[in-house]
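Fold and geometry: a report
Residue strings, one per chain:
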Amino acid sequence: MAMMKGTSLLVPSVQELAKQAITKVPERYVHPNQDPIVASNTTNSLPQKVPVIDLSKLLSDDATELENLDHACRDWGFFQLINHKVNPSIVENMKIGVEQFFNLPIEEKKKKFWQTPNDMQGFGQLFVVSDEQKLEWADMFYINTFPLYSRHPNLIPTIPLPFRDHLETYCLELKKILVKIIGSMEKALKMKTNELLEFFEDPGQGLRMNYYPPCPQPENVIGLNPHSDSGALTILLQVNEVEGLQIRKDGMWIPVKPLSNAFVINIGDMLEILTNGIYRSIEHRATINSKNKRISIATFHRPQMSRHIGPTPTLITAERPALFKRIGVADYLNGFMLRKLHGKSYIDVVKI
Ligand code: OGA
Ligand code: NI
């Protein structure tokens, strides 16, 4: 990302690797000691389900829905957003475009879009810090979209039309959703108007498109290592209706089942810091299956790089003193990107 020192070692394409008729996963992708990939609640008699929140109700100040939002952000850190009113054709165009983009010939991807040393934007993987490190069973394409100066000079301009235009439209729509959700959170937290929103004026936004190919030994690989998102708010689109995203709750992995016409929203570390720990970023991961590829698009939002964040004053009280130190957004991100993804552990550096 722009102004970010973090880099990631260059890696081969897993999409290409998975095209070969392999029966055994190469060592570099085998994760020996991971939690079983079957989500724990499938055998539980009381299955837990990720909350569903109706944006139209939030925007009409429906008190019950604001309470539901508050509950979802405190207890889950994740929810599915329905009735978001984003034009279905915008989402559909994005789904078609991203699949075609991943299906470009590998030669073209390598030539025009692959990561280069010292820049994490482009196709590849993130958080790869050593040659011994186990890799993920996935390819991703990462780009900064806002602010404009954070864009890579060549990547977006090289994306084929009409996908490039559809992507621009999609990014702008998601920034609108961000503002609506943060505004509703202010109400749910009984904060002053603009107290949280002011951190999201001209926000930073980045897109991570994930392609998880099927794998003959899915229990031995991981699509995306357990992590919490470093930014403030992530809006995720499950592009095809294949399960894989799981979140850790009460020690169990719970699946986020694809819901049509919904976005998955999750709280990142920066929003946990801004809300003084009242809203929580939650560890999540992506698992692989043996039959179907899975595609997702995660859109991250954060305050601008030059800003500093800390617990918002009205959320610091005698009963709830500040839980975090103030830190620069750029410092937080740089520190986060330089490490391996390791559950939800980076936020500890700012804990008081
Ligand atoms: C991410 C992420 C989950 C998924 O990109 O940060 O958590 O389902 N993705 O792809
Ligand atoms: Ni994530």
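Residues numbered from 1 in each chain as written. Chains lettered and ligands numbered in written order. Predicted model: local features only at pLDDT ≥ 70, side-chain atom pairs only at ≥ 80, totals over all residues. Heavy atoms only, no water.

**A few points about the coordination of the nickel ion (ligand 2)**
Applied cut-off: Metal coordination here is assigned from N, O and S atoms located within 2.8 Å of the ion, or within 3.2 Å for Na, K and Ca; omission of water means that sites may look incomplete. Labels follow the DSSP assignment, with helices taken as runs of H or I lasting at least four residues and strands as runs of E lasting at least two, numbered in each case from the N terminus. Working definition: with a 1.4 Å probe on protein chains only, accessible area under 20% of the residue-type maximum means buried, over 50% means exposed, and in between means partly exposed.
Listed as protein donors to the nickel ion (ligand 2) are His 227 (NE2), Asp 229 (OD) and His 284 (NE2); their distances from the metal cover 2.1 Å. Along the chain, the residues donating to the nickel ion (ligand 2) fall in the pattern H-x1-D-x54-H. In this pair, Asp 229 is assigned in the loop between β6 (224-227) and β7 (233-238) and His 284 in strand β11 (residues 284-286), connecting sequence segments 55 residues apart. A residue is classified by how much of its surface remains accessible, and Asp 229, at 6% relative accessible area, is buried. On the accessibility criterion, His 284 (5% relative accessible area) is buried.

**Let's talk about the pattern of salt bridges**
Definition in use: The salt bridge definition used is simple: a Lys or Arg side-chain nitrogen within 4 Å of an Asp or Glu carboxyl oxygen.
Enumeration over the complete set of coordinates arrives at 14 salt bridges. A salt bridge links Glu 16 to Lys 19, with the nearest nitrogen and oxygen atoms 2.9 Å apart. Assessed through its relative accessible area of 59%, Lys 19 is described here as exposed. Linking Glu 108 and Lys 112 is a salt bridge whose minimum nitrogen-to-oxygen distance equals 3.0 Å. Taken together, the residues span about one helical turn, with Glu 108 and Lys 112 both in helix α5 (residues 106-113) at a distance of four residues. Given a relative accessible area of 24%, Glu 108 falls into the partly exposed group. Under the relative-accessibility criterion, Lys 112 is labelled partly exposed at 36%.

**Here's the deal with the sheet that holds strand β2 (residues 78-82)**
Under the convention used in this document: At least two DSSP bridges between two strands are required for those strands to pair. Every axis corresponds to a line fitted to the C-alpha atoms, with the helix fit spanning only the stretch in contact, and the corresponding angles, defined between N-to-C directions, vary from 0 to 180 degrees. Residue contacts are defined here by distance: any two heavy atoms, one from each residue, within 4.5 Å place the two residues in contact.
Pairing is mixed in the open sheet, where eight strands are placed in the order β1-β2-β10-β7-β12-β5-β4-β3. Unpaired on one side and paired on the other, β1 (52-54) and β3 (122-124) mark the two borders of the sheet. Ignoring strand direction, the axes of neighbouring strands in this sheet form an average angle of 25°. Where β7 meets strand β10 (residues 263-267), four bridges bridge the pair, whose relative direction is antiparallel. The residue of β10 that forms the bridge with Thr 234 is Asn 266. With respect to the sheet, helix α4 (residues 88-102) is in contact with β3, β4 (139-146), β5 (204-212), β7, β10 and β12 (294-302), its orientation differing from that of β5 by roughly 60°.

**What to know about unusual backbone geometry**
Each neighbour pair has its own omega, and for Phe 146 with Pro 147 the value is -5°, a cis peptide bond. Following Leu 161, the chain continues to Pro 162 via a peptide bond in cis, the omega torsion being 5°. Locating Pro 162 in the fold gives a position in the loop between α6 (155-158) and α7 (163-188). Residue Asn 276 is not a glycine yet carries a positive backbone phi of 55°. In this structure, Asn 276 sits in the loop between α8 (269-274) and β11.

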